[in-house]
Amino acid sequence: MKDDPILKDIRKFRDELSERFEGDLSKIFAYFKQEEVKSGRTFSTQKNPRVLVHPEVISPKTMEMMDQSVGNLKKGKASNAVDLNELDKLLE
């Protein structure tokens with residue numbers, strides 16, 4: 001799965017962001033919040049977002065699971081889309 005083009009793009013974007021903001025996660029978070037406001041879309045509905053970790057801190061097991069999930073999605077082994085509109089209403 002390491003040659004997966006989607007993961008390759010994600011990792012490239014991650015590396016570009018890290019370089020652009022000198023690995024400062026608070027600056028990266030601020031960037032995404034700014035993009036969220038500009039787009040008018042909500043990127044995260046969590047009231048207490050999780051603490052971001054540097055990509056190298058993500059465990060190999062988690063990366064393996066993510067690779068497997070992307071592979072399953074490409075094979076069509078995925079559940080139907082979930083409508084989160086009702087959940088958004090509850091969180092307001």
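Residues numbered from 1 in each chain as written. Predicted model: local features only at pLDDT ≥ 70, side-chain atom pairs only at ≥ 80, totals over all residues. Heavy atoms only, no water.

J.: Explain the overall build of the protein chain here, please?
T.: Scanning the protein chain from N- to C-terminus turns up 4 helices and 0 strands. Order of helices (α) and strands (β) in the protein chain, N terminus to C terminus: α-α-α-α. Of all 92 residues assigned to the protein chain, the portion counted as buried reaches 13%. Restricting the contact set of the protein chain to residue pairs at least 6 apart, pairs at least 24 apart contribute 53%. Carbon and sulfur atoms make up 56% of the accessible area of the protein chain, which totals about 8,100 Å². (Helix = DSSP H or I, 4+ residues; strand = E, 2+ residues; numbered from the N terminus. Buried < 20%, exposed > 50% of the residue type's maximum accessible area, 1.4 Å probe, protein only. Contact = heavy atoms within 4.5 Å. Areas by Shrake-Rupley, 256 points an atom, 1.4 Å probe, with all protein chains shown as cover.)

J.: What's the story with helix α1 (residues 5-20) in this structure? I'm lost.
T.: Each turn of an α-helix holds 3.6 residues, which means side chains three or four residues apart point in the same direction. In this model α1 runs 22 Å from its N-terminal to its C-terminal C-alpha over 16 residues, within 8% of the 22 Å that 1.5 Å per residue would give. Taking the backbone nitrogen of Ile-6 as reference, a side-chain oxygen 2.8 Å away marks Asp-4 as the first, capping residue of α1. With its phi angle positive at about 55°, Glu-22 sits one or two positions after the end of α1. (Expected span 1.5 Å × (residues − 1). Polar contact = N/O pair within 3.5 Å; in protein donor to acceptor, adjacent residues only side chain to side chain.)

J.: I tried to follow the packing of aromatic side chains on my own but got confused; where do I start?
T.: Describing an aromatic ring pair means giving the distance of the ring centres and the angle of the ring planes. Tallied over the entire structure, the rule returns 3 aromatic pairs. Here the aromatic rings of Phe-13 and Phe-32 are separated by 6.3 Å at their centres, their planes lie at 65°, and the arrangement is edge-to-face. On the criterion of sequence distance, the pair formed by Phe-13 in helix α1 and Phe-32 in helix α2 (residues 25-39) is long-range, its members being 19 residues apart. Phe-13 gets classed as partly exposed once you look at its relative accessible area, which sits at 39%. Assessed through its relative accessible area of 31%, Phe-32 is described here as partly exposed. (Phe/Tyr/Trp six-rings, centres within 6.5 Å; stacked < 30°, edge-to-face > 60°.)

J.: Explain the side chain of Glu-36 to me, please; I cannot follow it from the model alone.
T.: Position of Glu-36 among the secondary structure elements: in helix α2. Residue classification places Glu-36 among the buried residues on the basis of a relative accessible area of 11%. A distance of 2.7 Å separates polar atoms of two side chains, one belonging to Glu-36 and the other to Lys-33.

J.: Before we go on, may I ask you to explain unusual backbone geometry in this structure?
T.: Excluding glycine, most residues fall at negative phi; most peptide bonds, likewise, are trans. In this structure, Glu-22 is a non-glycine residue whose phi angle is positive, near 55°. Here Glu-22 is to be found in the loop between α1 and α2.

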